[in-house]
Amino acid sequence: MKNYLTASISESAVRHNMAQLRRLIGPGVKLCPVVKDDCFGHGMDVLYPVLAELTDGFAVAAPLEALALRGKGYHGFILCFLSAYFDDFKIQDELVWQEITQTVMSTSALESIQAAARRVGKTARVHLKVDTGMGRLGVPARQAVALIEQINAADEVELTGIYTHFATADEAERSATFRQLELFRSIVAVAGGITRHAANSAATLDLPETHFDMVRPGIAVYGCHPSDHLTSTVELRPCMSVRAKLIAVKRIPAGGYSGYGLTHRYDRDSRVGVVPIGYGDGYFRNLSNKAVVRINGMDAPVRGRVSMDQMTVDVTDIPDVKVGDDVEVISSDPTAPNCVENLARLAGTIPYEITCHLGHNMRHELVD
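So, here's what we can say about the structure. Note that this is a predicted model, so its numbers are computed, not measured. (Residues numbered from 1 in each chain as written. Predicted model: local features only at pLDDT ≥ 70, side-chain atom pairs only at ≥ 80, totals over all residues. Heavy atoms only, no water.)

A few words on the side chain of S258. Inspection of the secondary structure puts S258 in strand β13 (residues 257-258). Looking at S258, its side chain comes within polar contact range of the side chain of Y266, at 2.7 Å. Leaving out residues up to four positions away in the same chain, S258 has contacts with I252, T263, H264, Y266, V272, R303, G304, R305 and T312. (Helix = DSSP H or I, 4+ residues; strand = E, 2+ residues; numbered from the N terminus. Polar contact = N/O pair within 3.5 Å; in protein donor to acceptor, adjacent residues only side chain to side chain. Contact = heavy atoms within 4.5 Å.)

Written as structure tokens, this is what we have:
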């Protein structure tokens, strides 16, 4: 379906968002955007030249994402959140050789990285991740100081940073975040003069006390707010719009239906357009009979169930609709009913999931 679907990514919006984040953190704090999962579905291939110019480094999830950045010619700081598989010696060695900063969360991870550094004959730079309450990855806080000592004693391994991740920074109730913050502060106090970082998008936007030496914004880089109550803190500009083409227009008489399960009945003689996008392309099935798209500047409600690779929209009130007309599936206007944030509300999810799902089955282009 890629030839039907195009994600347009606005360079000016990304530049605006990065400038806003720079303004918030000030000159003494590094800006390290998270670009995992193909820039949250926005397309690393089109965004790399822009972000590489504006950033102090990149944060990725997986080793292959880090190595792909090196393959694009990026020579700066890259932090990899996840380790290579313990038996994948080739990837382990390549991470050290390419000077990717790896995350240490356990003694076993440290030993694996140290062994790779010996094989390669280079010093491996690492950051320690501390679990201060997220309950996911990271060395338990009570074991962090001991692991710091182990890293500092290890040959061929240099501890250059320490970080944690907040579980509730995007929520109005911040008590858990502040507990995590205080615990992290108690650990970094004994870690020495290394890079400290904790702030995700929400904390970057709304909690300056979490900025430390570096911030790791994700969704904010791409113009979405991590939660509704943060929307007034800073002006962000969504950078993604998605468009398709109408592939069919047909008439359905009053009393007729659209889609699997016949979930929508037309009360009047209607015209229906078929849009070649569905849940296989990342457009959620639970947007059926809820969302709208825009055609010729007018709203066309989604009618019937969203299928795997197509959906039907009511174009009765839109004049002169024809096959081949542009369909704005996602708008970059944050006030539009088909913007990412509103679709997330309708789907009962978060903007991250909308963009990550939509990004994979379409062509990306960089626009002004």
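The subject of this paragraph is the packing of aromatic side chains. Per the counting criterion, the structure on display carries 7 aromatic pairs. Consider the rings of F58 and Y74, whose centres lie 4.8 Å apart with planes at 70°: the pair is edge-to-face. Pair noted here: F58 is in strand β3 (residues 58-60) and Y74 is in the loop between α4 (63-71) and β4 (78-80), with a separation of 16 residues, a long-range link. Taking relative accessible area as the criterion, Y74 reaches 10% and is therefore assigned buried. Each ring, one from F184 and one from F212, has its centre 5.4 Å from the other, and the planes form 85°; the classification is edge-to-face. A residue pair is termed long-range when its members are at least 10 positions apart, and F184 in helix α8 (residues 175-188) and F212 in the loop between α9 (201-206) and β10 (214-215) qualify at 28 residues. Judged on exposure class, the residue F184 and its partner F212 are both buried. (Phe/Tyr/Trp six-rings, centres within 6.5 Å; stacked < 30°, edge-to-face > 60°. Buried < 20%, exposed > 50% of the residue type's maximum accessible area, 1.4 Å probe, protein only.)

Helix-helix packing is characterised by the crossing angle of the two axes and by the distance between the axes. The contact between helix α5 (residues 89-97) and helix α6 (residues 107-120) brings their axes to 9 Å, and the two run at 70°. The pairing of α5 with α6 is recorded here as roughly perpendicular in orientation. Judged by residue contacts, F89, Q92, D93, V96 and W97 of α5 engage S112, I113, A116, A117, R119 and V120 from α6. For the contact of α5 with α6, the class distribution of residues is 7 nonpolar, 2 polar and 2 charged. (Axes fitted to C-alpha atoms, helices over the stretch in contact; angles between N-to-C directions. Parallel < 35°, antiparallel > 145°, perpendicular 65-115°, else oblique. Nonpolar A, V, L, I, M, F, W, Y, C, P; charged D, E, K, R; others polar.)

What follows concerns the pairing of strand β6 (residues 124-131). Counting buried positions along β6 gives 7 out of 8 residues, so the element sits mostly inside the fold. Taken together, the 3 bridges between strand β5 (residues 101-104) and β6 define a ladder with parallel strand orientation. The residue bridging Q102 from the neighbouring strand is V126, located in β6. Taken together, β5, α6 and β6 constitute a β-α-β crossover, and its handedness is right-handed. The sheet contact formed by β6 and strand β8 (residues 157-163) spans 6 bridges and is parallel. Paired with H127 across the bridge in β8 is G161. (Pairing = 2+ DSSP bridges. Right-handed = clockwise from strand over helix to strand, strands pointing away.)

Moving on to the layout of surface pockets. Counted as a void, the largest pocket has a volume near 600 Å³. As for the largest pocket, its lining consists of 28 residues, and the residues nearest its centre are K36, R136, H165, N200 and Y352. Elements with a minimum of two residues in the lining of the largest pocket: α2 (36-40), α9 and α11 (351-358). Of the residues in the lining of the largest pocket, the class split is 17 nonpolar, 5 polar and 6 charged. In this structure, the second largest pocket spans a volume of roughly 160 Å³. In this structure, the second largest pocket is lined by A62, P63, L64, L82, S83, A84, Y85, D88 and I91. Its residues assigned to classes, the lining of the second largest pocket shows 7 nonpolar, 1 polar and 1 charged. (1 Å grid on protein atoms, 1.4 Å probe; cavity = no way out; pocket = protein on both sides within 12 Å on 5 of 7 lines; lining within 4 Å. Points joined across faces, edges and corners; volume = space filled by probe spheres on them.)

Once that is clear, we can look at the pattern of salt bridges. Inspection of the entire model under this criterion finds 19 salt bridges. Among the salt bridges present, the one from E365 reaches R243, with a minimum N-O distance of 3.1 Å. Residue E365 is found in strand β20 (residues 363-367), and its partner R243 is found in strand β11 (residues 240-245); the two are separated by 122 residues along the sequence. The class of E365 is buried, set by a relative accessible area of 18%. Three or more residues joined by partner-sharing salt bridges are found here, namely E11, R15 and E53. (Salt bridge = Lys/Arg side-chain N within 4 Å of Asp/Glu carboxyl O.)

Moving on, we get to the nonpolar core. L128, I162, Y283 and I295 are the most contacted members of the largest nonpolar core, which has 115 residues in total. Considering each element in turn, this core owes the most residues, 7 residues, to helix α3 (residues 44-54). Setting aside residues no more than four positions away along its own chain, L128 makes contact with V104, V139, A144, L147, I148, I151, L159, G161, I162 and Y163. (Core = buried A, V, L, I, M, F, W, Y, C linked by side-chain atoms within 4.5 Å.)

We now examine the pairing of strand β17 (residues 298-303). Pairing of strand β16 (residues 292-295) with β17, which is carried by 4 bridges, proceeds in the antiparallel orientation. Bridging across to β17, R294 finds its partner in D299. Taking the residues between adjacent antiparallel strands as the criterion, β16 and β17 are bridged by 2 residues, where N296 takes a positive phi near 55°. Relative to strand β18 (residues 311-314), β17 runs antiparallel, the two sharing 2 bridges. In the strand pairing of β18, R303 is matched with T312.

Treat this as a map of the structure, not an account of what it does.
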